[in-house]
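Below are the chains, spelled out letter by letter.
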Amino acid sequence: RSNATRLLVSDVVHLPARGIMCLPSDYLDPALAHHCEVPLESARRQSNASLTAMESLRAEGGILVHDLMPVMCTKLSCGAMLPGTTRLAFYDDNHLTDDASAYAVESLEKFLQHKSLL
């Protein structure tokens, strides 16, 4: 269809370690989650090429781009946990857990509602 709108969703950050290895624990290391953190600036550099390509496609029309980084990261870093929670976001270095997928879908629904597409 010529009037169809396509949706591109950005990639997520690649962590320096498997997320499951960064679960904080009172018994092991309460600060373990910090071992998986990537400064936001570094995370942005990781995704810059794909976001640039997506934005150039968006400029051609009929394409929306939803950036997951503001959803999956704090203002300072991206890490193994969902921002502001104790729930694991990544089970390896870049694949979302079920909790994180639900969190991302919630964000996507809000994005589509804001664009009057849902």
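Cut-off values and rules
- Residues numbered from 1 in each chain as written.
- Predicted model: local features only at pLDDT ≥ 70, side-chain atom pairs only at ≥ 80, totals over all residues.
- Heavy atoms only, no water.
- Helix = DSSP H or I, 4+ residues; strand = E, 2+ residues; numbered from the N terminus.
- Buried < 20%, exposed > 50% of the residue type's maximum accessible area, 1.4 Å probe, protein only.
- Contact = heavy atoms within 4.5 Å.
- Areas by Shrake-Rupley, 256 points an atom, 1.4 Å probe, with all protein chains shown as cover.
- Lys, Arg positive; Asp, Glu negative; His and termini not counted.
- Charge placed at Lys NZ, Arg CZ, Asp CG, Glu CD.
- Pairing = 2+ DSSP bridges.
- Salt bridge = Lys/Arg side-chain N within 4 Å of Asp/Glu carboxyl O.
- Polar contact = N/O pair within 3.5 Å; in protein donor to acceptor, adjacent residues only side chain to side chain.

Looking at the overall build of the protein chain
Helix and strand content of the protein chain: three helices and four strands. For the protein chain, the sequential pattern of α-helices and β-strands runs β-β-α-β-α-β-α. Looking at the protein chain as a whole, 35% of its 118 residues are labelled buried. Across the protein chain, every contact between residues at least 6 apart in sequence was considered, and the portion connecting residues at least 24 apart equals 62%. Summing over all exposed atoms, the protein chain offers an accessible surface of approximately 7,500 Å²; the carbon and sulfur share of this is 54%. Charged side chains of the protein chain number 10 positive and 14 negative; the gap between the two group centres comes to 10 Å.

A short note on the pairing of strand β3 (residues 63-66)
Because side chains alternate across β3, one face comprises the buried residues I63 and V65, and the other comprises L64 and H66, equally buried. The sheet contact formed by strand β1 (residues 6-9) and β3 spans four bridges and is parallel. Residue L7 lies in a different strand from β3, and its bridge partner there is L64.

A few points about the pattern of salt bridges
Using the criterion set out here, one finds five salt bridges in the structure. Close ionic contact of R45 with E41 constitutes a salt bridge, the shortest N to O distance being 3.0 Å. Of this pair, R45 and E41 both sit in helix α1 (residues 40-59), four residues apart, which is roughly one turn of the helix. In this structure E41 comes out as exposed when scored by relative accessible area, which is 61%.

Section: the environment of T97
One can find T97 in the loop between β4 (77-78) and α3 (98-114). Taking the relative accessible area as the measure of exposure, T97 reaches 12% and is therefore buried. Separated by 16 residues in the primary sequence, T97 and M81 place their C-alpha atoms 10.0 Å from one another. When neighbours within four sequence positions are excluded, T97 is seen to be in contact with L88, A89, F90 and Y91. A polar side-chain atom of T97 sits 3.2 Å from the main-chain amide nitrogen of A100.

Read these as geometric descriptors, not functional statements.
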